[in-house]
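# Breakdown of the fold
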Amino acid sequence: MAKKTPSARLSSAEHDAVAHAPVVLDVEGLSLNDDDRRRLKHPLTGGLILFGRNWQSRAQVTALCAEIKSIRPDVLISVDHEGGRVQRFRTDGFTHLPPMRALGDMWMNDGKQPAGHGAMAAMDAASACGYVLAAELRACGVDLSFTPVLDLDWGGSTVIGDRAFNGDARVATTLARAVMQGLLHAGMANCGKHFPGHGFVKADSHVEIPVDKRSLKAILADDAKPYEWLSTVLTSVMPAHVIYPKVDSQPAGFSARWLQDILRARLGFTGAIFSDDLSMEGASVAGSHTQGAIAALNAGCDLVLLCNQSLKGGAPVDALLDGLQAAQARGEWTPSADSEARRLDLLPQTASMPWDELMLHAPYQQALSRLPA
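Okay, so let's go over this structure. Quick caveat: nothing in here was measured; it's all calculated off a predicted structure. (Residues numbered from 1 in each chain as written. Predicted model: local features only at pLDDT ≥ 70, side-chain atom pairs only at ≥ 80, totals over all residues. Heavy atoms only, no water.)

## Description of the layout of surface pockets
- Of the pockets and cavities examined, the second largest pocket occupies roughly 310 Å³.
- The wall of the second largest pocket is formed by 24 residues, among which Asp80, Arg88, His206, Asp276 and Met280 lie closest to the centre.
- Its residues placed into classes, the lining of the second largest pocket shows 10 nonpolar, five polar and nine charged. (1 Å grid on protein atoms, 1.4 Å probe; cavity = no way out; pocket = protein on both sides within 12 Å on 5 of 7 lines; lining within 4 Å. Points joined across faces, edges and corners; volume = space filled by probe spheres on them. Nonpolar A, V, L, I, M, F, W, Y, C, P; charged D, E, K, R; others polar.)

Shown next as structure tokens:
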């Protein structure tokens, strides 16, 4: 895919004046309010993430996405929509996708068929999952889902659990590649998470600060392998809010060693890097939301997420946008044209298929028939 210049999709003089729009924020309800519209116009806003509270129906969320794009055509509309227990839209025609562990279970089960039958069936089903997921979201105006989960299932993490394909890095990598092929078939980029791996620790980084005491050698030999093997096809990555003290004292998303030295230089990743949500407890070691954003950007993140902070007026969102702008003026972080280009490369390159047309589309119907029971 040819790289676009940072201004390729920009629509306003205000946004053209900066080289980098790194903030991914959220909105409070089913439609935009005046504060949402104002924040979308902010030159540092580059993305928006939707949640279950933003969903009522296909018509409503399609109208919401259309209004967002009418204000900022270049903004990246995203959602956590993996399948299983992490699927924001579940009604009004959306397919209930299985947790990714179901695909790993298919891989391991040949039944009465020859050896390898389960693996081939699981790969076919994984491609179907990716295609259905992306095609349905894109029909409503969503650009990107934060999927696939590349964490390995070590058996002890409840926050990852059945979101992981398997405990074997080879199986997880192959199934993730198949899901990504399905996403691409529907015109959607991908996001591997949570680098270098969240599956080994039991603590949930939403409410705790997880610590993984393994060595770099051990992590690279197992959990980080999918990132190495998928480095040429991953279009974005989200690091974990996990501290790996034998590698760095900071969580991976705030660590230049993890993001620049290991992910980019050693593993060869060239796509976009998102921070995980700056409001999670695992990010609290960096300080305020603004301090966390600065630390993430300086460590090598291209975009920073602040989730569920638009409620009750959204003062934390405004504080981040204003604080990051002031920090830029003080020289505490420097906008990156390369980061902006990577953000723009995540936007779909083709028009989406309308929902009613999608429902009659033969490849979509075929994909539905291939999903795990």
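## Some points on the sheet that holds strand β9 (residues 272-273)
- Strand order across the open sheet formed by three strands is β7-β8-β9, with parallel pairing between neighbours. Across the chains shown, the open sheet's two edge strands, defined by having one partner strand only, are β7 (192-195) and β9.
- Relative to β9, strand β8 (residues 236-239) runs parallel, the two sharing two bridges. When the bridges of β9 are listed, Val237 appears paired with Ile273. (Pairing = 2+ DSSP bridges. Helix = DSSP H or I, 4+ residues; strand = E, 2+ residues; numbered from the N terminus.)

## Topic: unusual backbone geometry
- Lys193 connects to His194 through a cis peptide bond whose omega is 5°.
- Tracing the backbone through its elements, the reader meets His194 in strand β7.
- Geometrically, the link from Phe195 to Pro196 is a cis peptide bond, its omega value of -5° lying close to zero.
- Even without glycine at this site, Asp92 takes up a positive phi of about 55°.
- Mapped onto the elements, Asp92 comes out in the loop between β5 (86-87) and α4 (101-108).
- Despite not being glycine, Lys312 has its phi angle at roughly 55°, a positive value.
- Tracing the sequence through the fold places Lys312 in the loop between β10 (304-305) and α11 (315-329).
- Taking the relative accessible area as the measure of exposure, Lys312 reaches 83% and is therefore exposed. (Buried < 20%, exposed > 50% of the residue type's maximum accessible area, 1.4 Å probe, protein only.)

## Examining the nonpolar core
- Membership of the largest hydrophobic core comes to 97 residues, with the highest contact counts inside it found for Leu50, Phe89, Leu103, Phe195 and Trp258.
- If one sorts the elements of this core by residue count, helix α5 (residues 117-139) sits on top with 13 residues.
- Sequence-distant contacts of Trp258, defined by excluding residues within four places in its chain, comprise Phe195, Pro196, Leu216, Ile219, Tyr244, Val247, Asp248, Ala252 and Leu263.
- One finds Val24, Leu76, Leu303 and Leu344 within the second-largest nonpolar core, a separate group that totals 17 residues. (Core = buried A, V, L, I, M, F, W, Y, C linked by side-chain atoms within 4.5 Å. Contact = heavy atoms within 4.5 Å.)

Keep in mind these numbers describe shape, not what the thing actually does.
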